Amino acid sequence: MPLYEYLCQDCGDEQELLVQGDSEVACESCGSTNLTKLLSVPAAHTAAGPSTGTDAPPPGPCGSACGCFPPQG
């Protein structure tokens, strides 16, 4: 079953809902069926490849080289 993100137009609640086929979805907070499907960003997993020779810091707890971990040395 796909998981979709919705915004309730009546109460403003944003939620993720599992949707079966063509079933009608309802807001978990107020019960309204006046929902708008939001555009979601899919998750992408990548495998670590060979070193590129750059001195980029290792991934931090957020999963990127943003500098979450200070350089050690």
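Given the structure is predicted, the values throughout are model-derived calculations rather than measurements. (Residues numbered from 1 in each chain as written. Predicted model: local features only at pLDDT ≥ 70, side-chain atom pairs only at ≥ 80, totals over all residues. Heavy atoms only, no water.)

Trainee: Honestly, the overall build of the protein in this entry has me stumped. Any pointers?
Mentor: When its secondary structure is counted, the protein shows 0 helices and 3 strands. In sequence order, the secondary structure elements of the protein are arranged as β-β-β. Every one of the 73 residues in the protein was classed for burial, and the buried ones make up 14%. Considering only contacts within the protein whose residues lie at least 6 apart along the sequence, 25% involve residues at least 24 apart. Within the structure as shown, the protein displays about 6000 Å² of accessible surface, and the carbon and sulfur contribution to it stands at 53%. (Helix = DSSP H or I, 4+ residues; strand = E, 2+ residues; numbered from the N terminus. Buried < 20%, exposed > 50% of the residue type's maximum accessible area, 1.4 Å probe, protein only. Contact = heavy atoms within 4.5 Å. Areas by Shrake-Rupley, 256 points an atom, 1.4 Å probe, with all protein chains shown as cover.)

Trainee: Help me understand the sheet that holds strand β1 (residues 3-8), please; the structure alone is not making it clear to me.
Mentor: Sheet architecture is open: 3 strands sit in the order β2-β1-β3, paired in antiparallel fashion. The two strands at the open ends of the sheet, each matched to only one other strand, are β2 (14-18) and β3 (35-37). Along the sheet, successive strands turn relative to each other by an average axial angle of 40°, direction set aside. Across 5 bridges, β1 lies against β2 in antiparallel orientation. (Pairing = 2+ DSSP bridges. Axes fitted to C-alpha atoms, helices over the stretch in contact; angles between N-to-C directions.)

Trainee: Looking at this structure, how should I read the state of the cysteines?
Mentor: As used here, a disulfide is simply a covalent bond connecting the sulfur atoms of two cysteines. Under the criterion given, the structure shown has 0 disulfides. Cys30 takes part in no disulfide bond, and the closest cysteine sulfur, belonging to Cys8, lies 3.7 Å away. For Cys30, a relative accessible area of 43% translates into the label partly exposed. (Disulfide = S-S within 2.5 Å.)

Trainee: It is not clear to me how the confidence of the model for the protein should be interpreted in this structure. Could you clarify?
Mentor: The predicted coordinates should not be examined in detail at positions where pLDDT is low. Looking at the protein as a whole, the pLDDT averages 77, with 58% of positions reaching at least 70. Taking the mean pLDDT of every element in the protein, the minimum, 91, falls on β2 and the maximum, 94, on β3. (pLDDT = per-residue confidence, 0-100.)

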